[in-house]
Amino acid sequence: MKNEIILILGGTGALGKTLTRRYHNKNNIIIFSRDEHKQVEMKRLYPNLKYHIGNIKEKESILQAINEYKPSVIINTAALKHVPVCENNPYESVKTNIIGHKNLIDSISLSNHQIKTLMFISTDKACSPINVYGMCKAISERLYVDFSNKQDKIKVVLCRYGNVLESTGSVIPLFKSILQQNSSFLPITHPEMTRFLLSLEDAVNLIHWAYEHKESHGKIVIPNIKSLKVTDIAKTLIGNKPVTLKNIGIRPGEKLHEAMISLEESIRTKKYKNYFMITDKI
């Protein structure tokens, strides 16, 4: 990706920062987020970027950014993503994780500026969802696929993956924080629980591959990775410390095992070396 004007929605998040680090030297990047403090901090590292305070829950905010900066690529990483938070605040999840994406699609349609590529970052929790967050993301996936089917001037790409290792609120930073407090135990929701984990760099590699692939329009692109037991991750971080594992029970909305591709989706899935691609039709 080079010589593009890239608008990153949710750009002050962990993924947005990693995308910025990867692409800022050869592209013009606009960081769009509602977090003033994070934008000020990020500007110290990247003073030459453009920064826009905005909220995807407000269509006018998105439309203004598109018309002002005229991006050629939009990457939407914005989300209300913590499962317990979404369970306790379902309407807020709907406003951010469904209506926010509809606002973006509508803004693109209303704008007098033609973008080339629209990318949406989804989650494994959208696969056979049981919680509010996953249900919202599953509906948003359909919004983007529907938009891709109704036009072919804009390349629309969806990326679905699991827990990013060092992203805010993920299990490894949580465990590290607890260990730094010299706790005698790490909380485990279930001894058999597994999760798909990948690094921020691997997440960006997936996005880049999906962006470059000539057949990815309207498709859901997924990394070919294995799931890991959360207890194994915890034991690795504990090392030789006198710390035990304490079972605290599965929280509302949590699955014991996540899936990247459902049984129904598998018949519409094409495998590549490091990635899978789910099509809308068999």
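Caption draft 1: Just the pattern of salt bridges, in detail. Here the structure, examined in full by the defined rule, presents 17 salt bridges. Residue Lys150 pairs with Asp146 through a salt bridge whose shortest N-O separation is 3.1 Å. Within this pair, Lys150 and its partner Asp146 are both found in helix H6 (residues 132-150), separated by four residues, close to a single helical turn. Note that Glu258 and Arg195 form a salt bridge whose closest N and O atoms lie 4.0 Å from each other. One end of the pair, Glu258, is in the loop between strand S12 (244-247) and helix H10 (263-266); the other, Arg195, is in strand S9 (residues 194-198), with 63 residues separating them in the sequence. Accessibility classification places Glu258 together with Arg195 in one group, the buried group. Through salt bridges that share partners, Asp124, Lys125, Arg195 and Glu258 make up one connected network.

Caption draft 2: The arrangement of the pairing of strand S6 (residues 155-161) in detail. Taken across its seven residues, S6 has seven buried, putting it largely inside the fold. Summarising the sheet, strand S5 (residues 117-123) and S6 pair through seven bridges and their orientation is parallel. Along S6, the bridge assignment pairs Thr117 with Lys155. In this fold, the crossover linking S5 to S6 by way of H6 has right-handed handedness. The pairing of S6 with strand S10 (residues 220-223) spans two bridges and is classified as parallel. Looking at the pairing, Leu158 lines up with Ile220 of S10.

Caption draft 3: Expanded view of the sheet that holds strand S7 (residues 163-164). Taken together, the three strands give an open sheet; going across it, the order is S7-S9-S11, and neighbouring strands pair in mixed fashion. In this open sheet, the two edge strands, each paired with only one partner strand, are S7 and strand S11 (227-229). Bridging between S7 and S9 involves two bridges; their strand directions are parallel. Within S9, the position partnered with Val164 by the bridge is Leu198. Helix H9 (residues 230-238) rests against S9 and S11 of the sheet, and its axis sits at about 65° to S11.

Rules used throughout
- Residue positions are given per chain, counted from 1 along the sequence in the order it is written.
- It should be noted that, the model being predicted, local features are given only for residues of pLDDT at least 70 and side-chain atom pairs only at 80 or more, the latter also being counted only at that level, while totals for whole chains, interfaces and linings use all residues.
- Excluded from the side-chain calculation are hydrogens and water; included are all heavy atoms of the structure.
- Salt bridges are identified by distance alone: a Lys or Arg side-chain nitrogen within 4 Å of an Asp or Glu carboxyl oxygen.
- For helices the rule is a DSSP run of H or I covering at least 4 residues; for strands it is a run of E covering at least 2, with both sets numbered from the N terminus onward.
- Categorising residues by exposure relies on relative accessible area from a 1.4 Å probe, with only protein chains included: less than 20% of the type maximum marks a residue as buried, more than 50% marks it as exposed, and the intermediate range marks it as partly exposed.
- The pairing criterion is simple: DSSP has to find at least two bridges between the two strands.
- Whether a crossover is right-handed comes down to one check: with the strands pointing away from the viewer, does the path from the first strand over the helix to the second run clockwise; if it does, it is right-handed.
- Contact definition: two residues touch when any of their heavy atoms are within 4.5 Å.
- Under this scheme, a helix contributes an axis fitted over its contacting stretch, all axes are lines through C-alpha atoms, and angles between N-to-C directions fall in the 0 to 180 degree range.

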